[in-house]
Every structure is written in C-alpha cells, then in structure tokens.
Amino acid sequence: MGRRAAILGMIPIAPTVFWGPMAYSIMGGLAVATMLTLVFLPALYVAWFRIKEPSPREVDRADPSDQFQQVSTN
C-alpha cells in the first residue's frame, strides 16, 4: 500500500486538465460580474426609483459656478 501511494505521488498533474478550464471559468465569472455591476445594477436602480433625465433648464439652474459668485469677501 505504501509503495503504491509513492508511485501515484510521482505522476505529474497536467496543467491543462485542471487549471485551463478553471481559468476560463474565473475569467467568465469576472466578465459577467463586471457587466452586472456597470450596466445591469445602475439600470435597475434607475428603473426602480423612476429617475428621469434632468431637463436643460434644471441643468442650467444647477450651475456649480454660481456658488463661487455668492461668496463675499470682507
């Protein structure tokens, strides 16, 4: 029994048998997770909370440079 275990320990594990398919699985999982995070979840958030694109009038009114003009110096 001991000799058989020693012989099996000498057999090298082929890298393409295990690591190749596992690498493709990891790459596919990362690609799907990235698409979910960058595309699906923001779209779901917009649809769920019914967020609409601001009108041009609202965009002009929210000009960040206005806050600097209101500051007075003493």
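Relevant structure appears above.
Computed from a predicted structure; not experimentally measured.

## Digging into the overall build of the protein chain
Now for step 1: What the protein chain contains, in helices and strands, is 4 helices and 0 strands.
Now for step 2: With 74 residues in all, the protein chain has 0% of them scored as buried.
Now for step 3: When the accessible surface of the protein chain is split by element, carbon and sulfur atoms take 68% of a total near 7600 Å².

## Some points on a nonpolar patch on the surface
Now for step 1: A surface patch of nonpolar side chains, amounting to about 630 Å² of accessible area, comprises Val17, Phe18, Trp19, Met22, Ile26 and Leu30.
Now for step 2: Summarising the element assignment, Ile26 is placed in helix 2 (residues 15-49).

## Here we look at the packing of aromatic side chains
Now for step 1: Within the structure shown, the criterion is met by 1 aromatic pair.
Now for step 2: Plain terms: the ring middles of Tyr45 and Phe49 are 4.9 Å apart, the flat faces sit at 55° to each other, and that makes the pair tilted. Of this pair, Tyr45 and Phe49 both sit in helix 2, separated by 4 residues, roughly a single helical turn.
Now for step 3: The class of Phe49 is exposed, set by a relative accessible area of 51%.

## Points about unusual backbone geometry
Now for step 1: The phi torsion at Arg50 lies on the positive side, around 50°, for a residue other than glycine.
Now for step 2: For Arg50, the location among the structural elements is in the loop between helix 2 and helix 3 (56-61).

How each quantity is defined
Residues numbered from 1 in each chain as written. Predicted model: local features only at pLDDT ≥ 70, side-chain atom pairs only at ≥ 80, totals over all residues. Heavy atoms only, no water. Helix = DSSP H or I, 4+ residues; strand = E, 2+ residues; numbered from the N terminus. Buried < 20%, exposed > 50% of the residue type's maximum accessible area, 1.4 Å probe, protein only. Areas by Shrake-Rupley, 256 points an atom, 1.4 Å probe, with all protein chains shown as cover. Patch = residues over 30% accessible without salt bridge, like charges linked within 9 Å, V, L, I, M, F, W, Y side chains within 5 Å. Salt bridge = Lys/Arg side-chain N within 4 Å of Asp/Glu carboxyl O. Phe/Tyr/Trp six-rings, centres within 6.5 Å; stacked < 30°, edge-to-face > 60°.

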